[in-house]
Structures are given as structure tokens and as C-alpha cells.
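So you can see what is in the structure, the chains are spelled out below.
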Amino acid sequence: MKAMVLRSPGALLDGAPLALEERPDPEPGAGELLLDVAVCGVCHTELDEIEGRTPPPRLPVVLGHQVVGRVAARGPGADAVEVGTRVGVAWIRSACGTCEQCRTGRENLCARFVATGRDADGGYAERMTAPEDFVHPVPDALGDVVAAPLLCAGAIGYRSLRLTGLRDGQRLGLTGFGASGHLVLALAHRLLPRSEVYVFARSADDRAFALERGASWAGDSDDAAPAPLDAIVDTTPAWKPVLGALANLAPGGRLVINAIRKEDGDRALLASLDYARHLWLEKEVKSVANVTRRDVREMLALAADLEVEPEVREYALEDANEALLDLKRGVGRGAKVLRVA
Ligand SMILES: [Zn+2]
Ligand SMILES: [Zn+2]
């Protein structure tokens, strides 16, 4: 099979980190499925893996955790999903199932959380394996390319929106307007129809895109919003938007940071954190970590029911490096998806 393989981490801008290789098909182990990959979404977490902020524990590795494919074969003991079924695979490849977190619906926080496309090979390839308990049937209403970004950008965006605790009619802010941000806006319009959405983005094109998608207002990442915001979801890799967001929160407001890692480029700005301006009056900061299977399945169902559709730019599997560079540079609107088959 063809695969785009990461052999050594490094700065993305220094070259092409992934190499096209011919590899033997993976063998499904006990309880696992072999999948023919159709498409795989490109996520900012792949940049964090390549650049060493959340490094894969072993190399080489095949990245990619927003996979839509069809079941091609089943390993020993895997009998719950029929061959030919169209399924999605998300960031959660497995969790232990027995710890306190797993038993209380928080498998995303499991100490033995295994991530697709980091701790095990993912979907930047023609075939991959996944445990049958951790694949998700894709509703017929969703095409392959539409479904892929829902598996991470959508699912974690949905989790982030839930974690805001926002009630309908309260004001929502979004810092960053990429794959996840534009899906959170669409979800917010459906789930919180009376809530206005305010978008902070560095790029003028992203701000225009946000207004086209129904944002009430769009400004730069450190602009003052025209009204205090009850909750803000941050999907950027930087710190400046965090300070901007805290300054824009209403009393008792909550900032939910949806980023597996922050980059260090502008971390020095945190020295300007001002308690009275940024934190006083019971403002809260919460991170969002990984996803649960429930997040993924509810997101797929919501998208099918409510017609939440991502804006998608397609690339060939062989052009994965170009897709990652475009993501790094902020080129193109919405989500990026690799067409594998
Ligand atoms: Zn992701
Ligand atoms: Zn666990």
C-alpha cells in the first residue's frame, strides 16, 4: 500500500516531513478491523507531532486521525462490524476501559489513551487497522469528504462548545476560524439559535469567511468585541488570542482552550497577564483534551440531522506535505482533507 510516512520530526517549514512509501498492508490484530481508507482529514495536531510538541512515541509513523474508510477484513474475534461497512476513525484509538476516568464517561482523560496517527499508524495511507469498538458508523447523509473533518475538528469543537456551559441567548466568542472554529459556529447556530457569535481571527479572509457563515461580528485577535462575551472557544496555537479572549470575557465568563499544545513563539506576552483585566470577576480558563467516542458519534448524528457541513479543500494523498504547509501558513478556508481512494 501507499503511505505518507513521518520518519523524523522537525520544523515543517524546513522541508517535506512526510515521504511517500510503499509498505506492506497492516494485519488486523485481535478485535481489530482492516480498513480501506477513502479520505483522511488534516488536523493541526499533525503539525504538533511533526514539530515535536506532541511527538509520536515511535517512528516511523503514519499520521492522520480523521479517517473515513470501509471495512476490508476483520481480525480474530472482531465480529461486530460487517465487512464493507463505512466507518470513521477518530483521535481516540483506544482507552483502558477500567480506570476511574473511563468508568465515568471521561475516556478522553484515560492515562492509557492511545491516539490514532500518533501512538499507532493512522489514515495518511491506503490501509490501516483500528479496534472495532472504536470505529464509528458514518450516517448515509454524510459524504466521505464531509464526514472526515467532523471526526476531529467537529467532534472536539462540539466537546468545546459543551464545555463552555453556554445557554441559548448568551454570547459566544471564537478565536481562530479554521477547521474547528467554522464548525463550532455552525453548531452554535443550530444548538443555541439565539446566541450571537463573535469571531476573532488574524487573517482578513478568515474574518470575511466568518461573516459569510453568519458571525455577528469579526475582528482581529486582540480587538475589543462590541459586547462582553459569556464564553469563548480558542482554537489557535498562539498566546495572544488567549489574552485577548480573557479581556473580552464577561464577569463569570469561561475561556475553553481547544489546542493539544500551544506554540512558544509569543509566550513572552503572558508576562502582560493582568489579574484585574484578565481574571478577576470569576473568569475561568479550561482546556479541552482529546475526544470520547460519545463526542464523535453525537457530532456525526448532529451533522446529519442539522446539516452542519464543513467547507473543505481536497488534496491528493501524495500532496499531504502541501496540505500541512497550507495549514501552517493559514492558506485556504475551513478544513483540509486528503483524498486517498
Ligand atoms: Zn485532530
Ligand atoms: Zn482508562
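Preceding this section is the structure that the text describes.
Attention in this report is confined to the structure presented alongside it. In this text the structure is predicted, and so the values were computed from the model without any measurement. (Residues numbered from 1 in each chain as written. Chains lettered and ligands numbered in written order. Predicted model: local features only at pLDDT ≥ 70, side-chain atom pairs only at ≥ 80, totals over all residues. Heavy atoms only, no water.)

## Comments concerning the packing of aromatic side chains
Okay, step 1: Inspection of every chain in the model, using the stated rule, returns 4 aromatic pairs.
Okay, step 2: Centroid distance Tyr-198 to Trp-217: 6.2 Å. Interplanar angle 40°. Geometry classified as tilted. In this pair, Tyr-198 sits in strand β12 (residues 197–200) while Trp-217 sits in strand β13 (residues 217–219), placing the two residues 19 residues apart along the sequence. The same class applies to Tyr-198 and to Trp-217, which are both buried.
Okay, step 3: Plain terms: the ring middles of Tyr-275 and Trp-280 are 6.4 Å apart, the flat faces sit at 45° to each other, and that makes the pair tilted.
Okay, step 4: One aromatic cluster is present, formed by Tyr-198, Phe-200 and Trp-217 through successive ring pairs.
Okay, step 5: Taking the ring centre of Tyr-158 as reference, the NZ or CZ of Arg-162 above it sits at 5.1 Å. (Phe/Tyr/Trp six-rings, centres within 6.5 Å; stacked < 30°, edge-to-face > 60°. Helix = DSSP H or I, 4+ residues; strand = E, 2+ residues; numbered from the N terminus. Buried < 20%, exposed > 50% of the residue type's maximum accessible area, 1.4 Å probe, protein only. Lys NZ or Arg CZ within 6 Å of the ring centre and 35° of its normal.)

## What to know about the coordination of the zinc ion (ligand 2)
Okay, step 1: Protein coordination of the zinc ion (ligand 2) is provided by Cys-96 (SG), Cys-99 (SG), Cys-102 (SG) and Cys-110 (SG), with donor distances spanning 2.3 to 2.4 Å.
Okay, step 2: Angles of 104 to 117° at the metal separate the 4 donor atoms of the zinc ion (ligand 2), which places the site in the tetrahedral class.
Okay, step 3: Spacing between the donor residues of the zinc ion (ligand 2) along their common chain follows C-x2-C-x2-C-x7-C.
Okay, step 4: In this structure Cys-102 comes out as buried when scored by relative accessible area, which is 14%. (Donors = N, O, S within 2.8 Å, 3.2 Å for Na, K, Ca; no water. Tetrahedral: all angles 85-135°; square planar, octahedral: opposite > 155°, others 65-115°.)

## Observations regarding unusual backbone geometry
Okay, step 1: With an omega dihedral of -5°, the bond running from Leu-59 to Pro-60 counts as a cis peptide bond.
Okay, step 2: Turning to its location among the elements, Pro-60 is positioned in the loop between α1 (44–50) and β4 (61–62).
Okay, step 3: Even without being glycine, Asn-290 reaches a positive phi, approximately 60°.
Okay, step 4: In this structure, Asn-290 sits in the loop between β16 (284–287) and α8 (293–306).
Okay, step 5: In this model, Glu-307 sits at a positive phi of 55°, which is unusual for a non-glycine residue.
Okay, step 6: Inspection of the secondary structure puts Glu-307 in the loop between α8 and β17 (312–316).
Okay, step 7: The class for Glu-307 is exposed, based on a relative accessible area of 62%.

## Focus: the environment of Leu-324
Okay, step 1: Locating Leu-324 in the fold gives a position in helix α9 (residues 320–329).
Okay, step 2: In this structure, the C-alpha to C-alpha distance between Leu-324 and Val-42, residues 282 residues apart in sequence, is 7.1 Å.
Okay, step 3: With residues up to four places along the chain from it excluded, the contact list for Leu-324 reads Leu-12, Leu-18, Val-42, Glu-46, Leu-47, Ile-50 and Tyr-124. (Contact = heavy atoms within 4.5 Å.)

## Comments concerning the sheet that holds strand β1 (residues 2–6)
Okay, step 1: Spatially, the 3 strands line up as an open sheet ordered β2-β1-β4, and their pairing is antiparallel. Since the sheet does not close on itself, it has two edges, and those belong to β2 (18–22) and β4, each with one partner.
Okay, step 2: Summarising the sheet, β1 and β4 pair through 2 bridges and their orientation is antiparallel. Looking at the pairing, Val-5 lines up with Val-62 of β4. (Pairing = 2+ DSSP bridges.)

## A word on a nonpolar patch on the surface
Okay, step 1: On the surface, a cluster of nonpolar side chains totalling about 370 Å² of accessible area is made up of Tyr-275, Trp-280 and Leu-281.
Okay, step 2: Position of Trp-280 relative to the elements: it lies in the loop between α7 (275–279) and β16. (Patch = residues over 30% accessible without salt bridge, like charges linked within 9 Å, V, L, I, M, F, W, Y side chains within 5 Å. Areas by Shrake-Rupley, 256 points an atom, 1.4 Å probe, with all protein chains shown as cover. Salt bridge = Lys/Arg side-chain N within 4 Å of Asp/Glu carboxyl O.)

## Side note on the pattern of salt bridges
Okay, step 1: Inspection of every chain in the model, using the stated rule, returns 29 salt bridges.
Okay, step 2: One salt bridge connects Asp-144 with Arg-86, and the closest N-O pair in it is separated by 2.7 Å. Residue Asp-144 is located in helix α3 (residues 144–164), and its partner Arg-86 is located in strand β6 (residues 86–89); the two are separated by 58 residues in the primary sequence. A single burial state applies to Asp-144 and to Arg-86, both of which are buried.
Okay, step 3: For the salt bridge of Asp-168 with Arg-194, the shortest nitrogen-to-oxygen distance reads 3.5 Å. Of this pair, Asp-168 sits in the loop between α3 and β11 (172–175) while Arg-194 sits in the loop between α4 (179–191) and β12, and the two are 26 residues apart along the sequence.

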